[in-house]
Amino acid sequence: MNEAWVGIENQVGPCGVICGACPLGNGEVAKSADQTRKYIADCQIPVWAPLIAGGEKIDWDSVDRGLKWMQKYARCEGCRNGGGPPDCAIRICARERGLELCSSCEDLDGCDRFEWLGEHSREVKENLKKIRGLSKEEYLKKMRSSSRL
Ligand code: SF4
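Quick caveat: nothing in here was measured; it's all calculated off a predicted structure.

The rules we used
Residues numbered from 1 in each chain as written. Predicted model: local features only at pLDDT ≥ 70, side-chain atom pairs only at ≥ 80, totals over all residues. Helix = DSSP H or I, 4+ residues; strand = E, 2+ residues; numbered from the N terminus. Rg over C-alpha atoms; globule rule 2.2 N^0.38 Å. Buried ≥ 20, exposed ≤ 12 C-beta atoms within 10 Å, placed from the backbone. Contact = placed C-beta atoms within 7 Å. Near = placed C-beta within 6 Å. Nonpolar A, V, L, I, M, F, W, Y, C, P; charged D, E, K, R; others polar. Domains from an automatic or database assignment. Axes fitted to C-alpha atoms, helices over the stretch in contact; angles between N-to-C directions. Left-handed = near helix turned anticlockwise from the far one by under 90°. Core = buried A, V, L, I, M, F, W, Y, C linked by C-beta atoms within 7 Å.

A. View of the overall build of the protein chain. Looking only at helices and strands, one finds six helices and zero strands in the protein chain. The helix and strand sequence of the protein chain, counted from the amino end, reads α-α-α-α-α-α. Taken over C-alpha atoms, the radius of gyration comes to 20 Å for the protein chain, far larger than the 15 Å a tight globule of 149 residues would show. Viewed in the frame of its principal axes, the protein chain has a C-alpha envelope of about 60 × 30 × 25 Å. In the protein chain, which comprises 149 residues, the proportion classed as buried is 19%. Across the protein chain, every contact between residues at least 6 apart in sequence was considered, and the portion connecting residues at least 24 apart equals 61%.

Set out below in structure tokens:
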């Protein structure tokens, strides 16, 4: 198991998102920012970039500030640990109804609380419909056994 998973390996949002499979949850985004900073320095990219079309316009100090910021903040603790948007309508509603997963909710079909997810809302709801009847543990087991994690 990736060390970034420790502590979040069994975390699942009520929307069915598995935190360890999310690059913000498992730390991959922050790690890639760190790695990119190292590549920029080791390969001396700012030194030769101006010699290549468009490279002279890049503000490498800003790039570095952005990547440093990502190393620190482009992480998510998972919505059960206070990560994610605090006003997520899905999380708030599921918590009020005492549901671990929205797949257990009898109102899932007509629920409009997923709309804020935009283009992903349909996919997220369809996934929840497919896992109806499964507990969180059974869902995680199913996803792991299908090698999707
Ligand atoms: S109504 Fe049901 S499906 Fe919709 S957010 Fe609330 S718990 Fe989830």
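B. Examining the site of the ligand more closely. Residues in close proximity to the ligand include P14, I90, C93, A94, R97, L99, C102, C105, D107, L108, C111 and R113, which together make up its full environment. Of the residues belonging to the shell around the ligand, the class tally is nine nonpolar, no polar and three charged.

C. Structural detail: the domain arrangement of the protein chain. The domains assigned to the protein chain are domain 1 (1–19 + 84–149) and domain 2 (28–74). Inter-centroid distance (C-alpha atoms) of domain 1 to domain 2 is 34 Å.

D. Looking closely at unusual backbone geometry. The phi torsion at Q44 lies on the positive side, around 50°, for a residue other than glycine. Within the element layout of this structure, Q44 appears in the loop between α1 (28–42) and α2 (45–48). Look at Q44 and you get exposed, because 9 C-beta atoms sit within 10 Å.

E. Highlighting the packing of α1 against helix α3 (residues 60–73). For the pair α1 and α3, the least separation of the axes is 8 Å and the interaxial angle reads 145°. The hand of the α1/α3 crossing is left-handed. Two secondary-structure elements touch here, α1 through V29, A30, A33, D34, T36 and R37 and α3 through D64, L67, M70 and Q71. Counted by class, the contact of α1 with α3 contains five nonpolar, two polar and three charged residues.

F. The arrangement of the nonpolar core in detail. Of all hydrophobic cores here, the largest spans 12 residues; its members are I8, V12, C15, V17, I18, C19, I90, A94, L101, C102, L128 and Y139. Among residues more than four places away in sequence, those in contact with I8 are C19, G20, G25 and G78.

G. View of the environment of A30. Assignment of secondary structure puts A30 in helix α1. Each C-alpha atom, one on A30 and one on K72, is 6.9 Å from the other, the two residues being 42 residues apart in sequence. In this structure, A30 is in contact with M70, Q71, A74 and R75, ignoring residues within four places of it in sequence.

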